[in-house]
Every structure is written in C-alpha cells, then in structure tokens.
Protein chains: 2
Amino acid sequence: MIYNRGTKEASVLLFKQVYDYLLERIQRGEWKEGEKLPSIRALSAELHVHRLTVFKAYQLLKKNSKVYVKDKQGYYVRSTVSESVHPRQDPIIRGFVQGSSLSEIRDVKADYTFSIALLDPNLLPNHYFSEYVKKVFDLYPKVLGTYSTIQGDEELREALSHYFTEKHRFYLSSDELLVTSGSQEAIDLIARVIVKPRDIVLLERPTYSPAIDVFTRQGARILPVEIHRQGYDLEEVERLMKQYKPRLFYLNPTFHNPTGYTVPAEQRKKLVELAQKYRCLLIEDDPYRDIYFDKEPPLPMFAYDTSGYVIYVRSFSKYVAPGLGIAVVACRPAVMKELLRAKSLSDSGTPLLNQKIFLRYFFSERLQQHLAKLRIALAVRKEIMEQELTDTGCSWESPSGGFNLWVRLPGHVHLETLLEASTASSITFVPGCICDPLKEYRSWIRISYSFLNEQQIREGMSRFKGLFRQNVAASALAFMLPNRDNKA
Amino acid sequence: MIYNRGTKEASVLLFKQVYDYLLERIQRGEWKEGEKLPSIRALSAELHVHRLTVFKAYQLLKKNSKVYVKDKQGYYVRSTVSESVHPRQDPIIRGFVQGSSLSEIRDVKADYTFSIALLDPNLLPNHYFSEYVKKVFDLYPKVLGTYSTIQGDEELREALSHYFTEKHRFYLSSDELLVTSGSQEAIDLIARVIVKPRDIVLLERPTYSPAIDVFTRQGARILPVEIHRQGYDLEEVERLMKQYKPRLFYLNPTFHNPTGYTVPAEQRKKLVELAQKYRCLLIEDDPYRDIYFDKEPPLPMFAYDTSGYVIYVRSFSKYVAPGLGIAVVACRPAVMKELLRAKSLSDSGTPLLNQKIFLRYFFSERLQQHLAKLRIALAVRKEIMEQELTDTGCSWESPSGGFNLWVRLPGHVHLETLLEASTASSITFVPGCICDPLKEYRSWIRISYSFLNEQQIREGMSRFKGLFRQNVAASALAFMLPNRDNKA
C-alpha cells in the first residue's frame, strides 16, 4: 500500500524500514566498526522522513547491539566479530564466506525460470556429443586414468592460443593460458591471488552478482562504476582510479550481464591506458562474445594491452557445453605464476576428459554451424520476450547479444511484492538489487530468454504481466530515496 | 663433504647454513614480526656451533633486512609485508598464496617418478570406460547441456549415502553429502569455511604436504601431532586440544600418507570423544581405504561421531578414475550450509558428466572385480620395491595399504645431495621435509610404488640405490641438530 506518513501504522513501518536499510548498509561494511553513523538530522533529511522515525530506528539498532552511543556524541557501529564469526561454544560453523545470492535464486524450482541465464539444453547438439566423446576415447584411451597438469592440457592451450591470436589479435603463448573449471573458478582464483582485505575494487553497477560476492568475501571495499549504453563515464573512472588507487576493475564489457550493453572500442583502448597509468588491473570477463545477433563485438581489451594490466577470462561453458565446465584465463607470466600456485591448492587441474572433449568439439566444423543456428534461435526468443513486454509500462534497452533483458519496472510496481506474487505463480526472475553493489536498484529486474523455449516464454511472460496489473505499492525505499534509481 | 669445523671454508658454510635455517623458521612464522629471536649464546648452544657463526648469520639477516636490532637488546623479526606482499609499483602480482610444493615436484619430468603417488593408468580398465560413457549418454542424452547443482547430482548422492550407510555405518541422508572435484577442492573449501587467520590447526607429522600449504595459506598456526605405527599419543593430543583450543585436526588415519600407518579402532573412538570434549573438528581424509593388501581397515571416525565434529573427505579419484576428479564430503547440516556457500563461489558445481560416469562405473560389478585385481597388482609392486631396498641401510615400516613407502635414509646419506644426484639420474622422490609441518625430516623420503610398473620399479630402484653408495656427506643441518630426527 501507499505510505501515508500521517498514520501511526505507516510511521511504524517506516521506522522499521529505515532500521533494515541502515542495518543492510552496516552489514555491507559501508560504516566500519567504531565508525560514527550520520546524525539523526542528516539522515532524516537524506531519507525524507521525520527525525523521530530515524531516532526509533537508531534505538532499535542500539537495542539489538548493532550500534552503541559514545558519550552522547552519536551512534557508532559496534564490533560484530565475537558474536557472529567465530563461536567456540558449538560445532555450528558460522562461515565468513558469503554464498552466491544468484545460485540461491537459481536453485528455486519454478515453471517459468526467467532467472536462469543458461542455455536451453535443447539448443545444444546433444545427439552429436556422444560421437565426440567416443572419438576422445579412441584418441586418448587412457584419458580417464590420467590427471591433467595444473595449468591445463597442453594440446588444448596450444589450440586456444592460435585461436585467440587469429580471432582477437592476442599475441600469447600457450604458457599464458590457464584452463579452469568454468569462469566462476577463474574469478575466484583471481580474487584470491590479487585482492587483500580492504583493497579497493571497482565493479560495474549493475554487475554479475557472484562477482560482488567473491570480492566482498575477500574483504575488498567495493566502489561502483555506472555502466550505460555508451559504456562508462571515463572521467569518473579516472577520478576513482586516481583518488582510491583500486587494485582492480572487474568488468564484463561485451553484452554485459545484466544490461546487455557493449563498451565501444575507443573506450576499451582508453580504459587500458588508464589501467596502465594508475596501475589498476582490469579483469575482463567475456562469456557472451560469440552470442551476437547483429555484428561481431569490438576486440577484447586484452588485445590493446601491452604491459600486462588486463586479465582475460573467457568462459565457454555458457554456450558450448555447460556440462563440461571449461573456461580459460589469458594473462602474463607474473600473474600466471600466482594463479598456478592458487590452482594447485584448489584442485589438481581441470579434468582431462572434459578438456579433451571440449578441444575436439570446439574446433569442429559443426560447432561453427551450431553457433550460427544458436544466434538465430536466441534472437527469436529475445524478440518474443520483448513483444510480450510492450504496453506493460516496462522500459529496457534491446540488447544486441547475450542472454538477458535488463528491465525497468513501471513506477507503480513494488519489487518485493512482485517477487512474492511471482514465486506464487511459479515464475522466477533476478531482482536488480542483487546485481547492484549498493544492493539498491529496486525498480529493475533481469529476465533471461536463453533457458525457456518460445512457447514457454509466451506463456510465462503473459502470466508475469498479469502480476503487474495488480495494484502493488511503490517500494518504500524507492520513495525514501527518490533520486537513487534515476541514475541507472 | 664432511664439515671440518676447523677450516675457514667450513665455518663459512656453517654460518650460511645457520642463516638459511633461521630464515626458514622466520618465514614459517615461528617467530612473528617484532618478536625477539633467541640470543646468540642460546642459539650457539642449541645448534652446537661457535657464537661467531651465529653472529655472522644474524648480521646477514640484518643486512638483508629480515631482522633489526633494538637498542642493543637483541635481534627482532622485521615486518615483510610492505616489501614482498603488495607492491603497487608494477603489475607483477606477488601473491600471498603459497603454491603446493608437491605439485611442483610432481611436474618434474623424469624416467623414474617415485614421487608420484598416483595410480598407473595401465592398472585401470581403460578399454571399458568408453562403454560406461556411452551408457551415460544413452541414459542422459542432455548431460553435456546441463549444469549440476552446487551440491552435486542427487542420484549420485543418493547412491553414495546408501553405500556409506551399508559399508561404513554412516547414518546420513543425501543432503549430508557434497560432491567436489577431487579431495584437494574439498580440503580447500573446508579450510576456507572453518579456518580464520591465527586459528590453531593440528596436523599430523608427517602429513599430506598440500594440506600444510592450504592451512598455512589460510593464515592458520600449525601444531604438529606425531603419528606412529600405533597411531597418536592421545595424552599429547588431549594436552594440545586443552591448551591451544585448536579449530580443527586434519588427519589421514587410514594407510596414512606418507607413512602408510593406520590408526587403530579404539584410538578412533577416543579421538572423536576428545574432539567433542574440546570442540575441535576432525577433518578425516580417507583416499586409500579401498587399497588394502591384507584385511579391510577399521571404520572411519565419522562412524563414531554422534554430534557433528567429524567432516569426512572421501576421494575416489585416486583409484577409480583420476581423470574424472570426483570426491565427496560427508558432514552435518551446519557445516554443509557453509560449504555450499563456499562452493557456490568457487565453481558452479562439479561437472554433471563426470558425476554420471562415476555413478555408473563405481556401482558396477566390474569395479569390484577391478579393485580385487588392483590390490594384488599394488601389493606385488610394493614387495618388489621393498626387495630392492633391502641391504641399503634404509629402514621403513611395511604398509598394509596405500601407495607409498616412508623410508628412513642411512645415516651417511645427505638429502640435498641425494636430491641433486637423483634428478641428474632422472629419478624423483618426495623429500621428507615437504611432508613435515616443521619442514625438518631431512633423513626421510617418500617413494611411491603405485605409478610405475614392476620392470620400471626394478630398474629405477637399482639406479637409485647406486646413488646411496656414492660417498655423500651427512646433512650439515642433521649434524647441527643431532636429536631432531630421532623423534620421528
């Protein structure tokens, strides 16, 4: 319902929402232990709520020992380590590892899973796969008896280094490639090797949600960089690099997840220059490159890098064969040395069988034919989804590649209420706040057209649209923070 | 050569060795930053060397800014963070992740790789594997198009929970099992979820070397627990648990790597009681259980655990199919919850193809027949290796299972010299110090009989023995520390 600041009930709700909102920001580490919180006056102005409401919120935070009062000077963040992180009293392990919010959503069972940015298994040439596997066993009869090297199968790395050199103008040797079990492992390894607690990390806003989890888990302090249809505000990026000396900038510049934006070539060149100038590594995550609907995207940033500031992560799982779990990291020897060390402790190398199957299939004639069909099939599904969205009051940028639509909800739709209603109607989507390092974006959602077929998309979307019509209140937070979302 | 303390040359060598020895202990964190080192007097007594030698060593440490002198009171460990861990000046990443020392040795190419504790691929039923794979594709035509869940394939976890319940008297549901890509990933995940910097961790001495690397990398402080033919000194274990409140005890009680010892049933029961009493988790790593030569080993400790203090790690890669990389973790829900979070950030679940192949093969009639043959083949290879070792002055405990011999070198053999000579003769083995949390054990080595065939073992061992006869000097360190090794 609409909040009527006049009524008692509304103010009760408001103070609870301010409480949740402050708690979230504290837990996000926006204010560190012992750090002073904004004054009641300042906060009531920022949130457009009555001071009494803020006061009540602070009182509750104090009551729940999230904050403490220091000689009447104000409210300070209380240490939470002792109570939450490390209880000796019982065998229950309270980990300090955040899980992947996205994987939790992914595991929700539903009829219409628009939350899943994976390829529909029916779009893969499944009946051919067993042929390739058979071939692998003929060629390498002992493949199941043999461990891969930590760095990955030499034959595969050789083939990939030629591929990258020809196709993307990377000039590298097979020693500058590391095979990982999917891009998630690659990003995790990179974070573990490069990021130390309290390091500054730049993330796109919005971004690939598990990246937020991985870098936060490493204890990094996150600075968001807005991404727009035209790319980034490079002056802003330079200001951040200059002022905060970030350790790295994790980006997904090609058919960006979730927005679908592609950063233009000239910006890529400039970004590499900035990275070199301010000694900030660029982690270029590039899983959707081959899924273009119109023309091929610009070259990866790695192609412009001459002094080792770009680490390129290329996942093939997304569209070649999710069940194989193969990705590759391209980087220069200094970084590779550290990645190999980390990999040697996290597994004994990606399974050889998977690498050999991938090798045989990826460089086959058939994959290229398959990709052509795949692009058409996905473009069709995207159009169907977009047709369904017209006249809903939603707004979005039609992507020229990738798996996702990044959709702005009509003003009257309240995210939390929509989530509940959708789950009840067996529909899942990704709330924008999960993709937002600041956990805001409550009027945006990500819906994927890659996993369900035309028929399912039609049915699911028309059911989904029905939920919009129901009279759902505007998010109280969006109301309290009127200007936040307009930036996106 | 033999060190003659009289000669100048010898004393030069000695002071350099004292330097290396002190540096190693500093890097091992035995003395923390700002902590005072032993006095020259004390150290010269401990090492049986002239004070001048210690003084020279300290001077060199000071020169290389490893230590500093505080108002003439003595030598203190200097902070190394600024210089080594985190250089902003250039893109070279100096990771704070230690690599796996073992994997480096494993990657050394040689004709006779006694360092490799992996199964000889020729001992696997390779020509049958493709059948199982074919079957998997017939049963699950879309297996390559499908991601596994984070926790692992439900069908596989169901089958394994029945298997564990029947075979090991584990009473658990499939929700208490997590499928990982090999045991290395399992141990890494457990360390990341449970161990915080400066936590105390108990490790067997000697132990599985990558475990030292993993827990050290987490910033744990390691306490060694000697393992003997009869198991552990439980009074000592209780003393350590009582005094230091360790977070966990990582152990490999069945055909222990590297010693081959098996902890008797009554000690297993008592260890679980101690774990509960002192709230210390037991990480039971159990990769060799099925590789017994005589009778089946006692039940895993997990079977005795009633309150969730044991985490059981069972790798099947070692002897079922290394190329698949399948292991499973059994633990109670509180721990599982955290492991799932960590796994969701480190990959998207172990590849489904590998899980399904493993499922079909592991529970097949053929695997059981295969295992019977495997035990005989390995027992034969072990005996050949032991025959070759007789009359060499080496001493060892004949293991009743597993892949390794833990061999004590004759007194006159100097480890470093033997390593050089072996490499020159294209022979590799694992130096005992790598398996020692204290990095000592310079008169012990691990040699594996699992990877080479009878013929290769005979050839390699006779070549290896030849190196003993050469007149190699006793290790200067062993000489300086006469009593260290006798403990083992």
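The structure presented is a predicted model; accordingly, all values stated were derived computationally and were not measured.

## Describing the overall build of chain A
Moving on, step 1. When its secondary structure is counted, chain A shows 17 helices and 15 strands.
Moving on, step 2. Taking all 488 residues of chain A together, 60% fall into the buried category.
Moving on, step 3. Sequence separation of at least 24 residues holds for 74% of the intrachain contacts in chain A that already meet a minimum separation of 6.
Moving on, step 4. Approximately 18900 Å² of chain A is accessible, and the part contributed by carbon and sulfur atoms is 52%.

## Description of helix α14 (residues 365-389) of chain A
Moving on, step 1. The terminal C-alpha atoms of α14(A), which comprises 25 residues, lie 37 Å apart, in line with the 36 Å expected from a rise of 1.5 Å per residue.
Moving on, step 2. Looking one or two residues past α14(A), Asp391(A) carries a phi angle of roughly 65 degrees, positive in sign.

## Some words on the sheet that holds strand β12 (residues 404-408) of chain B
All names here are of chain B.
Moving on, step 1. With antiparallel pairing, 4 strands are arranged side by side in an open sheet as β11-β12-β15-β14. Unpaired on one side and paired on the other, β11 (395-396) and β14 (430-431) mark the two borders of the sheet.
Moving on, step 2. Relative to strand β15 (residues 444-448), β12 runs antiparallel, the two being bridged by 5 bridges. Considered in β15, the bridge of Arg408 is made with Trp444.

## Remarks on the nonpolar core
Moving on, step 1. Membership of the largest hydrophobic core comes to 203 residues, with the highest contact counts inside it found for Phe215(A), Phe215(B) and Phe249(B).
Moving on, step 2. Leaving out residues up to four positions away in the same chain, Phe249(B) has contacts with Leu202(B), Leu203(B), Glu204(B), Val225(B), Tyr232(B), Val237(B), Met241(B), Leu271(B), Cys280(B), Leu281(B), Leu282(B) and Ile283(B).

## What to know about the domain arrangement of chain A
Moving on, step 1. Per the domain assignment, the segments making up chain A are domain 1 (8-77), domain 2 (91-122 + 367-480) and domain 3 (126-364).
Moving on, step 2. Distance from the C-alpha centre of domain 1 of chain A to the C-alpha centre of domain 3 of chain A: 41 Å.

## Here we look at the packing of helix α15 (residues 415-424) of chain A against helix α16 (residues 454-469) of chain A
All names here are of chain A.
Moving on, step 1. It is the contact of α15 with α16, at a shortest axis distance of 10 Å, that shows an interaxial angle of 140 degrees. Classified by the angle between their axes, α15 and α16 sit oblique to one another. Crossing hand, α15 versus α16: right-handed. On the side of α15, the interface is formed by Leu418, Ala421 and Ser422, while α16 contributes Phe464, Leu467 and Phe468.
Moving on, step 2. When the residues that make up the contact of α15 with α16 are grouped by side-chain class, the tally is 5 nonpolar, 1 polar and no charged.

## Section: the environment of Ile194(A)
Residues and elements named next belong to chain A.
Moving on, step 1. By secondary structure assignment, the location of Ile194 is in helix α8 (residues 183-194).
Moving on, step 2. A residue is classified by how much of its surface remains accessible, and Ile194, at 1% relative accessible area, is buried.
Moving on, step 3. The spatial distance from the C-alpha of Ile194 to the C-alpha of Leu340 is 13 Å, given a sequence separation of 146 residues.

## A closer look at the sheet that holds strand β10 (residues 327-330) of chain A
Residue and element names in this part refer to chain A.
Moving on, step 1. Reading across from one edge, β4-β10-β9-β8-β7-β5-β6 is the order of the 7 strands in this open sheet, with mixed pairing throughout. With one partner strand each, in any of the chains shown, β4 (177-180) and β6 (221-226) form the two edges of the open sheet. Taken pair by pair, the neighbouring strands of this sheet meet at an average axis angle of 20 degrees, ignoring direction.
Moving on, step 2. Where α8 meets the sheet, its contacts fall on β4, β7 (248-251), β8 (281-285), β9 (310-315) and β10, and the angle it forms with β9 comes to roughly 155 degrees.

## Let's talk about unusual backbone geometry
If a residue is not glycine, its phi is most likely negative; likewise, a peptide bond is most likely trans.
Moving on, step 1. A cis amide bond links Arg205(A) to the next residue, Pro206(A), at an omega of 0 degrees.
Moving on, step 2. Although it is not a glycine, Arg198(B) adopts a positive phi angle of roughly 75 degrees.
Moving on, step 3. Mapped onto the fold, Arg198(B) is located in the loop between α8 (183-194) and β5 (200-205).
Moving on, step 4. Unlike most non-glycine residues, Ser426(B) shows phi in positive territory, near 60 degrees.
Moving on, step 5. Within the secondary structure, Ser426(B) sits in the loop between α15 (415-424) and β13 (427-428).
Moving on, step 6. Overall, the relative accessible area of 16% leaves Ser426(B) in the buried class.

## Focus on the side chain of Ser422(A)
Residues and elements named next belong to chain A.
Moving on, step 1. Mapped onto the fold, Ser422 is located in helix α15.
Moving on, step 2. Residue Ser422 is classed as buried on the basis of its relative accessible area, which comes to 0%.
Moving on, step 3. Ser422 has contacts with Ile427, Phe429, Phe464 and Leu467, leaving out every residue within four places of it along the chain.

## Side note on the packing of aromatic side chains
Residues and elements named next belong to chain A.
Moving on, step 1. The tally for this structure, following the rule as stated, stands at 50 aromatic pairs over all chains.
Moving on, step 2. On the basis of an interplanar angle of 85 degrees and a centroid distance of 5.0 Å, the ring pair of Phe170 and Tyr312 is categorised as edge-to-face. Residue Phe170 is found in the loop between α7 (154-168) and β4, and its partner Tyr312 is found in strand β9; the two are separated by 142 residues along the sequence.
Moving on, step 3. Members of the aromatic cluster, joined through ring pairs, are Tyr163, Phe164, Phe170, Phe302, Tyr312, Phe316, Phe358, Phe362 and Phe363.
Moving on, step 4. One residue, Lys70, lies across the ring of Tyr76, its end atom 4.3 Å from the ring centre.

## Re the packing of helix α14 (residues 365-389) of chain B against helix α16 (residues 454-469) of chain B
Residue and element names in this part refer to chain B.
Moving on, step 1. Following both chains from N to C, one finds α14 and α16 inclined at 20 degrees, their axes separated by 9 Å at the closest point. In terms of their interaxial angle, α14 and α16 are classed as roughly parallel. As for how α14 packs across α16, the hand of that crossing is right-handed. Contact residues: α14 offers Val380, Arg381, Ile384, Met385, Glu388 and Leu389, while α16 offers Glu454, Ile457, Arg458, Met461, Ser462 and Lys465.
Moving on, step 2. Class assignment of the residues belonging to the contact of α14 with α16 gives a composition of 6 nonpolar, 1 polar and 5 charged.

## A few points about the pairing of β12(B)
Residues and elements named next belong to chain B.
Moving on, step 1. By the criterion of burial, β12 is predominantly enclosed, with 4 of the 5 residues buried.
Moving on, step 2. Direction of pairing for β11 relative to β12: antiparallel, over a ladder of 2 bridges. Bridged to Ser395 within β12 is Arg408.

## Let's talk about the pattern of salt bridges
Moving on, step 1. Using the criterion set out here, one finds 60 salt bridges over all chains in the structure.
Moving on, step 2. Asp436(A) is paired through a salt bridge with Arg205(A); the nearest N and O atoms lie 2.7 Å apart. With Asp436(A) in the loop between β14 (430-431) and β15 (444-448) and Arg205(A) in strand β5 (residues 200-205), this pair connects stretches of sequence that are 231 residues apart. For the pair Asp436(A) and Arg205(A), one class covers both residues: buried.
Moving on, step 3. Asp199(B) is paired through a salt bridge with Arg247(B); the nearest N and O atoms lie 3.8 Å apart. Within this pair, whereas Asp199(B) is found in the loop between α8 and β5, its partner Arg247(B) is found in the loop between α10 (234-244) and β7 (248-251), the two being separated by 48 residues in sequence.
Moving on, step 4. Classification of Asp199(B) as buried rests on a relative accessible area of 6%.
Moving on, step 5. If you follow the salt bridges from partner to partner, you end up with Asp188(A), Arg192(A), Arg217(A), Asp188(B), Arg192(B) and Arg217(B) in one network.

## Here's the deal with the pairing of β8(A)
Residues and elements named next belong to chain A.
Moving on, step 1. Counting buried positions along β8 gives 5 out of 5 residues, so the element sits mostly inside the fold.
Moving on, step 2. The alternating pattern of β8 places Leu281, Ile283 and Asp285 and Leu282 and Glu284 on opposite faces, both of which are buried.
Moving on, step 3. Relative to β9, β8 runs parallel, the two sharing 4 bridges. Looking at the pairing, Asp285 lines up with Val313 of β9.

## Some thoughts on α7(A)
Residues and elements named next belong to chain A.
Moving on, step 1. In a regular helix each residue adds 1.5 Å, so 15 residues correspond to 21 Å; α7 covers 20 Å between its end C-alpha atoms and thus fits that length.
Moving on, step 2. Looking at α7, one finds that the buried residues are Leu156, Arg157, Leu160, Ser161, Tyr163, Phe164 and His168. For α7, the buried positions fall inside an angular range of 165 degrees around the axis, keeping them on one side.
Moving on, step 3. Lining the buried residues of α7 we find β4, β9, β10 and α13 (352-362).
Moving on, step 4. Looking at the residues trailing α7, positive phi occurs at Arg169, about 60 degrees.

## Re the environment of Gly323(B)
Moving on, step 1. Here Gly323(B) shows up in the loop between β9 (310-315) and β10 (327-330).
Moving on, step 2. Classification of Gly323(B) as buried rests on a relative accessible area of 0%.
Moving on, step 3. For the pair formed by Gly323(B) and Asn354(B), sequence separation is 31 residues and the distance between their alpha carbons is 8.9 Å.
Moving on, step 4. Excluding anything up to four places from it in sequence, Gly323(B) contacts Val143(A), Leu144(A), Gly145(A), Thr146(A), Pro351(A), Leu352(A), Leu353(A) and Asn354(B).

## Section: the state of the cysteines
All names here are of chain A.
Moving on, step 1. Applying the stated criterion across every chain, the model contains 0 disulfides over all chains.
Moving on, step 2. The structure places no disulfide on Cys435, whose sulfur is separated from the nearest cysteine sulfur, that of Cys433, by 8.1 Å.
Moving on, step 3. Relative accessible area serves as the criterion here: at 2%, Cys435 is assigned to the buried category.

Parameters at a glance
- Residues numbered from 1 in each chain as written.
- Chains lettered and ligands numbered in written order.
- Predicted model: local features only at pLDDT ≥ 70, side-chain atom pairs only at ≥ 80, totals over all residues.
- Heavy atoms only, no water.
- Helix = DSSP H or I, 4+ residues; strand = E, 2+ residues; numbered from the N terminus.
- Buried < 20%, exposed > 50% of the residue type's maximum accessible area, 1.4 Å probe, protein only.
- Contact = heavy atoms within 4.5 Å.
- Areas by Shrake-Rupley, 256 points an atom, 1.4 Å probe, with all protein chains shown as cover.
- Expected span 1.5 Å × (residues − 1).
- Pairing = 2+ DSSP bridges.
- Core = buried A, V, L, I, M, F, W, Y, C linked by side-chain atoms within 4.5 Å.
- Domains from an automatic or database assignment.
- Axes fitted to C-alpha atoms, helices over the stretch in contact; angles between N-to-C directions.
- Parallel < 35°, antiparallel > 145°, perpendicular 65-115°, else oblique.
- Left-handed = near helix turned anticlockwise from the far one by under 90°.
- Nonpolar A, V, L, I, M, F, W, Y, C, P; charged D, E, K, R; others polar.
- Phe/Tyr/Trp six-rings, centres within 6.5 Å; stacked < 30°, edge-to-face > 60°.
- Lys NZ or Arg CZ within 6 Å of the ring centre and 35° of its normal.
- Salt bridge = Lys/Arg side-chain N within 4 Å of Asp/Glu carboxyl O.
- Arc of directions from axis to C-beta.
- Disulfide = S-S within 2.5 Å.

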